[in-house]
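Fold and geometry: a report
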Amino acid sequence: MTNPLKIGSVFEVRGTRVKVLVDKEMNHSTFIYLGEIINNITVNGYVIIKKGFIDLVGKIDAEYIDDLLNTDLNQEQDYRYNKGTILRILEVQILGYFENKTFKNGVKHLPMIGNLVYIPGKHEVISIYSGIQTDYSDIDNKMQTISIGNSIYEDIPVRFAINSFFASHIGIFGNTGSGKSNTLAKLYFELFKTVDTKNIINKSSFYLIDFNGEYSHSGVFGLNDDEIKIINFNTSENNNSGNANKLKISKQYFYNEELLSILFSAREQTQKPFIKRLLKRLKYAEEKGWGLHNWLPNLFAKSLLHSSREVFEYIKEIIEYMSFNVQSEEHEEFFEKIRSIQWHTREHYFFINNLFFNTIEDIKSTYSAETGYDYLYQWCFEIENSDIGWCDKFILNTKLQLASDMLNRYAQFEHINPLIYRIEAKVRELDTIIEINDNDNEEPPLMTIYSFRECSTDIKKVMPLLIAKMLFDNHKSQTEQENIKNTVHLIIDEAHNILSSDSKREGNSWKNYRLDLFEEIIKEGRKFGFYLTICSQRPFDISPTIISQIHNYFIHRLVNDKDLEMIDNTIPTLDKVSRAAIPTLSSGCCIVSGTALSMPVFIQVDQIHKKTYRPSSDNVDLYKFWKQ
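What you see as residue numbers is a count from 1 along each chain, following the sequence as written. Residues qualify for local features only when their pLDDT is at least 70, as the model is predicted, and side-chain atom pairs are given and counted only at 80 or more; totals for whole chains, interfaces and linings, by contrast, use all residues. Hydrogens and waters are ignored; side-chain quantities use all the structure's heavy atoms.

To qualify as a helix, a DSSP run of H or I must reach at least 4 residues; to qualify as a strand, a run of E must reach at least 2; elements of each kind are numbered from the N terminus. On a plain count of helices and strands, the protein chain comes out with 23 helices and 25 strands. Here the globule rule is a power law, 2.2 Å times the number of residues to the power 0.38, and the radius of gyration is based on C-alpha atoms. Taking 2.2 N^0.38 as the reference for a compact globule, 628 residues should give roughly 25 Å; the C-alpha atoms of the protein chain span a radius of gyration of 35 Å, well beyond that estimate. Principal axes of the C-alpha set define a box for the protein chain whose edges measure 125 × 60 × 55 Å. Summary of the burial criterion: residues with accessible area below 20% of their type's maximum are buried, those above 50% are exposed, and those between are partly exposed, where the area comes from a 1.4 Å probe applied to protein chains only. The buried share of the protein chain, taken over its 628 residues, is 52%. Should any heavy atoms of two residues lie within 4.5 Å, those residues are counted as being in contact. The contacts in the protein chain between residues at least 6 apart in sequence include a share of 72% that link residues at least 24 apart. For every accessible area listed, the method is Shrake-Rupley and the probe measures 1.4 Å; residues are considered covered only by the protein chains on display. Put simply, the protein chain shows about 31200 Å² of open surface, and 46% of that area lies on carbon and sulfur atoms. Counting rule applied: Lys, Arg positive; Asp, Glu negative; His and chain ends not counted. For this purpose, a charge sits on NZ of Lys, CZ of Arg, CG of Asp or CD of Glu. In the protein chain, 70 positive and 83 negative side-chain charges are present, and the distance between their average locations comes to 4 Å.

What follows is the structure, given as structure tokens:
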């Protein structure tokens, strides 16, 4: 060990609490030793206590002075500023010891009165923080670590083990303007720069959910254009971005009963069973090849034999909905035919030109021309073979399912029709940002960024959930726990938007589904090489289960009592001094704590100097802006 300066000796030991008497000549703020400027010890700093061949590590909790001459009993003369009358005392908490040049956390040895106390050297401080051996003469050892800034008290670069940090769940918390976005960018910027993206690509993929569009520009994280893909979702009416800014989703994820029920706010007793029947019929139609030309004409024929005119009137509405852009004489003639079909109010049956229908065969064969059945069949066949999008197809199928349920008396129109309106509105909005595709074999780039800046609040609530579920399920199904060949790193900026446990904007079913998914990810993801990084200005709003499962924390300035209470309850590695300092941290300063570190460390995070490499979150220079 290299202990440059002796500062005093132990004069009292009470368990793990130790008092140190500081030498009188060691009361300067800095020292010059071997050509280097060394900061003197302060509260929250560390000291080395030598006990024979053992080096113990202690943290300074407090310091005070003891007056030798002026006591409470004798204050006749004032000698407080005379040389030799004042003793500087440090209160030190024993934290661990060094073994083979590596810091070990935990009390295995205790000091003795008279043991000498030293200021730790640079390598010792780094080892105390990170728990790793800091012999950087070995270039491979240095390449396994990254540095994002200097420690505040010692003003030395603190290096973190790459494996310990990035093979874990990470939480970055701080009020707006505290520097958390820069910390997130700096963390991954240093990772990509240190390891080299050529070594990472095809082995790990990174996905960033960006609610405010801060990271959605070329060059972010220092990545090349071929290493990053930015998808700018846009639900506005003037969206002309095409399929380039759409998320490709497989049918199995979108056509999911639980997801669709929550997405469309389906009622448990009436509307949720309707969605279940709809998905079952869609699956049957795909397996059996039972398309629109089979279903709609068949429902049309059955409705003419039904004892209620309500079903046929609704099918006429469906046909009008499908005819929005159809303009032809033949189609007008077809409309005239179905409009001429009348209802006998006393006998409760349909007729046309004194022709009565007794069986379905009458409609399909005998009177197919008079009822328009033959044209309807041919028209549906043409629609089916045309390039109809998934959105229109899904809306049409929901309407036909309602008609089928009305025929079979499974549902009442007034119970399901409100759901149909919600489905139509929501699906049309989703059509602008997603593409249902089962043949997506495209290799993902190193970093994929999903920007929700131009999206509605509902889409911001739904899409991140869909993305996270798809990524996690895909990775989990393709990964063996005993032999992980690829890792996925999901980064969520402004995570309180989707991880809130107390949101008032949604029902309990949606909230439970959302939290269950992310709690499963943070509990089980590590086993499959799926890691989560969350960044938020309101940790209190995030589910306590999620916060408690995070391995490593970067805590910037937080002033809200509830946020501080959440941090206090969920991060056991923070001591009282560190917790008390959180509301007063300056911009860019944070406390780093967690399983990757032996001790919490106060760090001033370096800003990424090149503007294109960092997020678009800089403060506006109002004076310069106004003077332009």
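To continue, consider the sheet that holds strand 13 (residues 204-210). Taken together, the 11 strands give an open sheet; going across it, the order is 11-10-25-24-23-12-22-21-13-20-14, and neighbouring strands pair in mixed fashion. Where the open sheet ends on each side, the last strands, each with one partner, are strand 11 (157-161) and strand 14 (228-234). Adjacent strand axes in the sheet meet at a mean angle of 25°, parallel and antiparallel pairs treated alike. For two strands to be treated as a pair, DSSP must find at least two bridges joining them. Here six bridges tie strand 13 to strand 21 (residues 487-493), and the two strands are oriented parallel to one another. By the bridge assignment, Tyr-207 is partnered in strand 21 with Leu-490. Note on method: axes are straight lines fitted to C-alpha atoms, helices fitted across the in-contact stretch only, with angles between N-to-C directions ranging 0 to 180 degrees.

Stacked, tilted and edge-to-face are the three classes assigned to paired rings of Phe, Tyr and Trp, where Trp is represented by its six-membered ring and a pair needs centres within 6.5 Å; plane angles under 30 degrees give stacked, over 60 edge-to-face, the rest tilted. Evaluation of the coordinates by the stated rule reveals 30 aromatic pairs. Aromatic pair Tyr-153 and Phe-602: ring centres 5.5 Å apart, planes at 70°, arrangement edge-to-face. Linking Tyr-153 in the loop between strand 10 (145-151) and strand 11 with Phe-602 in strand 25 (residues 601-605), this pair joins segments that are 449 residues apart in sequence. Judged by its relative accessible area of 27%, Tyr-153 is partly exposed. Ring geometry for Tyr-375 versus Trp-379: centroids 6.5 Å apart, planes at 15°, classification stacked. Of this pair, Tyr-375 and Trp-379 both sit in helix 14 (residues 373-385), four residues apart, which is roughly one turn of the helix. Across the pair, exposure class does not vary: Tyr-375 and Trp-379 are buried alike. What links up through ring pairs into an aromatic cluster is the set Phe-166, Tyr-188, Phe-192, Phe-206, Tyr-215 and Phe-221.

Glancing now at the side chain of Ser-536. Mapped onto the elements of the fold, Ser-536 is located in strand 22 (residues 530-536). Definition of a polar contact: a pair of N or O atoms within 3.5 Å, with one able to donate and the other able to accept a hydrogen when the atoms are protein atoms, and with sequence-neighbouring residues admitted only if both atoms are side-chain atoms. Polar contacts involving the side chain of Ser-536 include one to the side chain of His-496, which spans 2.8 Å.

What follows covers the nonpolar core. Residue types Ala, Val, Leu, Ile, Met, Phe, Trp, Tyr and Cys, when buried and joined through side-chain atoms within 4.5 Å, form a set referred to as a nonpolar core. Residues Phe-233, Phe-300, Ile-434, Phe-452, Met-463, Ile-492 and Ile-534 are the most contacted members of the largest nonpolar core, which totals 117 residues. Setting aside anything within four residues of it in sequence, one finds Ile-534 in contact with Ile-170, Gly-171, Ile-172, Phe-173, Ile-492, Ala-495, Leu-499, Ile-542, Ile-546 and Ile-550. In this structure, Tyr-46, Val-158, Leu-184 and Leu-597 belong to the second largest nonpolar core, which totals 51 residues.

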